[in-house]
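# Topology and contacts: notes
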Amino acid sequence: LPALQGRPQREEGRCNGSSSTREEFMASFITHSLTHSRRSSRKGEGTMGKGSSKRQAKARKKRSSKQVSAAESYISRWAFLPTRSVHSISSSLSSEFGHAMPEQVLGNCPVFDFHTHSTCSDGMLSPVELLERAHSNGVQVLALTDHDTMMGVPAALEAACRHGIRLIPGVEISAKYGGRMSAGSVHILGYYSCCGPSRSRELEDCLARIREGRYHRARTMLDKLRMLRKPIKWERVLAIAGDDVAPGRVHVARALVEAGHVQSLQEAFSKYLYDGGPAYATGYELAAEEAVHLVCRTGGVSVLAHPWCLTDPLHVVKRLKAAGLHAMEVYRSDGKATSYADLADAYQLVKLGGSDFHGRGDPNETGLGKVPLPMLAVHEFLRVAEPIWCTAIRDIVQAFAKETSEKRLGEIADSKNCLGESQSFRGDISLVYLLEDGFSNTFLKLSPWLTEGEKVVVIDEVSQLNLSYKVVLEEEKEILFVSHHVYP
């Protein structure tokens, strides 16, 4: 285990290939531990005949084929926006939900990317440019998971709508694990329903605190670099990060390259900015368990990002599973990381993966949608996410019902209240105010991406809360409006 104490060369949410020796050792260690555990659990099992074994193998293969086919059908219905024509719907294109399915859905498995970044954190493409790149790469479902912010979600949603892409509102939360003297960094991905977080104010307050810590951390890094005789200007780091973007290690690294202190981002991290390095500093990151709790409290699915970057993944996964972790990344562009897939299975975690795309122009960077995911893995993710997201959507409707003044309604929308304007959440949902007959009518406009199950949840909740709803057809998209009257 002393070999695990090497220098993990990692950027914001990424690992460089130069730590392969440590990674190979960790993979071997995990595999050995899990194999030993399985052997122990199988003691006492009897042997079976060859004929029986072959029959069982054939039956398993048949069941697997049926499961894959069913998973592909379910995923296609979920991934593509259902439409309902005001004229007629071809029965051949109708799904079991009574929605018209786009012709391109039939026989095709959608392309997913669950891990991407934009200029709202440390990516090089704006949210709109990111969605355009995804569209050109044939991606049908994309999660925007910027570091410690969901600021790019509204613009990404608009671009996704134009390109017919289903966007999953997400975030990658900076966290830490271990004691004060041996703390390491860990990133927790949060995936939300099309309507966004159920407690957006609580989530935003926590993320704002982490972003504040990023400014503190960056200044400390610059102080350390100055002591190392590698000075860079604070103003330049902020300019590289962009307006209203909290600076991260990659922005400091880019400033080091510009100043001529290093030749590449990789050199900046391997010499100065790696975890525990001479210019490394911490910010106001949450404890890893608290980051998982935060995602769960706000209606999200929590996922451990790039576990191969951790020095002690076994310990971290065990702790985070106890805290409520739902899944972990195991699929990469070079295929499945078998040892980490075994680790996910051992702790009954959903196996996921994504490109972790930043758009930095590196020829070795994984492209959008270029991490192949088994349909059974995606289906399992959606199976776990469905009840979580339904509960979150129910909570949003309940919060809407409880707000009895325009001031409080404005707070829900995280924006200034103004009659006649539509106000956006961190999801495909908005508040709309209209003045009618001396009183203001307030509508909660929900996403056209709601599944049939989610619509049933909304309608049921509307009935219990004495609200009203109506379905409006806009450009062949069914949109659910929930009505709430606010009297002057």
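Below or above, wherever it landed, is the structure these notes cover.

Thresholds, definitions, all that
Residues numbered from 1 in each chain as written. Predicted model: local features only at pLDDT ≥ 70, side-chain atom pairs only at ≥ 80, totals over all residues. Heavy atoms only, no water. Axes fitted to C-alpha atoms, helices over the stretch in contact; angles between N-to-C directions. Helix = DSSP H or I, 4+ residues; strand = E, 2+ residues; numbered from the N terminus. Left-handed = near helix turned anticlockwise from the far one by under 90°. Contact = heavy atoms within 4.5 Å. Nonpolar A, V, L, I, M, F, W, Y, C, P; charged D, E, K, R; others polar. 1 Å grid on protein atoms, 1.4 Å probe; cavity = no way out; pocket = protein on both sides within 12 Å on 5 of 7 lines; lining within 4 Å. Points joined across faces, edges and corners; volume = space filled by probe spheres on them. Phe/Tyr/Trp six-rings, centres within 6.5 Å; stacked < 30°, edge-to-face > 60°. Lys NZ or Arg CZ within 6 Å of the ring centre and 35° of its normal. Parallel < 35°, antiparallel > 145°, perpendicular 65-115°, else oblique. Expected span 1.5 Å × (residues − 1). Salt bridge = Lys/Arg side-chain N within 4 Å of Asp/Glu carboxyl O. Buried < 20%, exposed > 50% of the residue type's maximum accessible area, 1.4 Å probe, protein only.

### Thoughts on the packing of helix 9 (residues 288-297) against helix 10 (residues 313-323)
Packing of helix 9 against helix 10 brings their axes to within 9 Å, and their N-to-C directions diverge by 35°. Classified by chirality, the crossing of helix 10 by helix 9 is right-handed. Counted together, Ala288, Glu289, Val292 and His293 of helix 9 and Arg319, Leu320 and Ala323 of helix 10 form the full contact between these two elements. Of the residues that constitute the contact of helix 9 with helix 10, the class distribution is 4 nonpolar, 1 polar and 2 charged.

### Section: empty space enclosed by the protein
Counted according to the given criterion, the structure contains 4 cavities of 30 Å³ or more. Computed from the structure, the largest cavity encloses a volume of approximately 70 Å³. If you go around the largest cavity, you meet 10 residues; those closest to its centre are Ser174, Ser185, His187, Arg217 and Glu285. Mapped onto the lining of the largest cavity, the elements with two or more residues apiece are strand 5 (166-177), strand 6 (184-191) and helix 5 (200-227). For the lining of the largest cavity, the class distribution of residues is 2 nonpolar, 3 polar and 5 charged.

### Describing the packing of aromatic side chains
Under the counting rule described, the total for this entry stands at 9 aromatic pairs. Ring geometry for Phe114 versus Tyr191: centroids 5.7 Å apart, planes at 75°, classification edge-to-face. Of this pair, Phe114 sits in strand 3 (residues 112-116) while Tyr191 sits in strand 6, placing them 77 residues apart in sequence. Ring pairs connect the aromatic residues Trp78, Phe112, Phe114, Tyr191, Phe381 and Trp389, which therefore count as one cluster. Geometry around Tyr284 places Arg209 over its ring, the cationic atom sitting 4.0 Å from the centre.

### Considerations on the packing of helix 7 (residues 249-258) against helix 8 (residues 265-273)
Here helix 7 crosses helix 8 at 110°, and the two axes come no closer than 9 Å. By the angle between their directions, the pair helix 7 and helix 8 is classed as roughly perpendicular. Contact residues: Arg249, Val250, Val252, Ala253, Arg254, Leu256 and Val257 in helix 7; Leu265, Ala268, Phe269, Tyr272 and Leu273 in helix 8. Along the lines of polarity and charge, the residues of the contact of helix 7 with helix 8 split into 10 nonpolar, no polar and 2 charged.

### Brief notes about helix 14 (residues 452-464)
Taking 1.5 Å of rise per residue, 13 residues should cover 18 Å, and helix 14 covers 19 Å from first to last C-alpha, within 8% of that figure. Once helix 14 ends, the next one or two residues include Asn466, with phi positive near 60°.

### Concerning the pattern of salt bridges
Under the definition given, this model contains 19 salt bridges. One salt bridge connects Glu290 with Arg297, and the closest N-O pair in it is separated by 3.1 Å. Residue classification places Glu290 among the partly exposed residues on the basis of a relative accessible area of 29%. Ionic pairing is found between Glu380 and Arg383, a salt bridge with its closest N-O pair at 2.6 Å. Separated by 3 residues within a single helix, Glu380 and Arg383 lie in helix 12 (residues 375-402), roughly one turn from each other. With relative accessibility at 46%, the residue Arg383 sits in the partly exposed group. Taken together, the shared-partner salt bridges connect Arg199, Glu202, Glu290 and Arg297 into one network.

### Details of the environment of Leu431
In this structure, Leu431 sits in strand 13 (residues 430-436). The sequence separation of Leu431 and Phe443 amounts to 12 residues, and the corresponding C-alpha distance is 5.7 Å.

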